[in-house]
Amino acid sequence: MNENLRADGIKLSLEMTLVTIRTSSGGLDTNARFLKLMGENRINLPFLCSAARDDTTAGTYCILTEDITRANNVIASDKTVMTHIEYLPSVGTISVFPHNFNLAFFGMILRLMGELEAPLHGLATSISALCMVTDFSLLEQIAGYLARYVSLPGNHSPFNPDISIKSI
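These notes cover the structure that comes with them.

## Details of the pattern of salt bridges
Piece 1. Evaluated as defined, the whole model comprises five salt bridges.
Piece 2. Here Glu 86 and Arg 22 are joined by a salt bridge, their closest N and O atoms 2.8 Å apart. A residue pair is termed long-range when its members are at least 10 positions apart, and Glu 86 in strand β5 (residues 85-98) and Arg 22 in strand β2 (residues 16-24) qualify at 64 residues.
Piece 3. We classify Arg 22 as partly exposed; its relative accessible area is 44%.
Piece 4. For Arg 70, the salt bridge goes to Asp 67, with nearest N and O atoms at 3.9 Å.
Piece 5. The exposure class of Arg 70 is partly exposed, given its relative accessible area of 37%.
Piece 6. A relative accessible area of 12% means that Asp 67 is categorised as buried.

This is the structure we're talking about:
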């Protein structure tokens, strides 16, 4: 790569558990039920992504490690949700904020992830951010590698989160 692209920042999340729910249509929407349970119990979902194809719906959610025991207790109380859920512990998100909307920027970041052979468990994009779910143990390594190819502002804050938001 002969050109650094500009970014407004790179941020890493706290450690989380990835929760995936897959359901077929024709019955209770298990993803909606899961979201209702999390909301009623004030359990934050720092990452969520949903997809539907034909008669199958899939939801991918991240729950902070500090909240997973409480979330598991809530999930265990609902047999419908419990039978459709899969867990992947110890994941985190790395969010990259491009300076301006640029599809080449997103492509470059994904190519760099591929060069690192970093697992990509989830992905969400907008015109202002690219958020990737990967193994928590790799976040620092990935951020350092990306920073070699992405020009960050001089006043860029540390990669790691400095605040934690809790529902009350």
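Alright, that's what it looks like, and here's the rest.
## Considering the pairing of strand β1 (residues 5-12)
Piece 1. Two elements, β1 and strand β8 (residues 150-151), share two bridges in a ladder whose sense is parallel. Note on β8: the bridge partner recorded for Leu 5 is Val 150.
Piece 2. Relative to β5, β1 runs antiparallel, the two sharing five bridges. Directly across from Leu 12, in β5, lies its bridge partner Ile 94.

## Considerations on unusual backbone geometry
Generally, phi is negative for residues other than glycine and the peptide bonds are trans, each holding for most cases.
Piece 1. In this structure, Ser 90 takes a positive phi of about 60 degrees despite not being glycine.
Piece 2. Structurally, Ser 90 is set in strand β5.
Piece 3. When its relative accessible area of 31% is taken as the criterion, Ser 90 is described as partly exposed.
Piece 4. At Glu 117, a residue that is not glycine, the phi angle is positive and equals roughly 55 degrees.
Piece 5. Following the sequence through the fold, Glu 117 ends up in the loop between α4 (103-116) and β6 (122-125).

Cut-offs used in this document
- Residues numbered from 1 in each chain as written.
- Predicted model: local features only at pLDDT ≥ 70, side-chain atom pairs only at ≥ 80, totals over all residues.
- Heavy atoms only, no water.
- Salt bridge = Lys/Arg side-chain N within 4 Å of Asp/Glu carboxyl O.
- Helix = DSSP H or I, 4+ residues; strand = E, 2+ residues; numbered from the N terminus.
- Buried < 20%, exposed > 50% of the residue type's maximum accessible area, 1.4 Å probe, protein only.
- Pairing = 2+ DSSP bridges.

Note that all results are geometric; they support no functional claim without further evidence.
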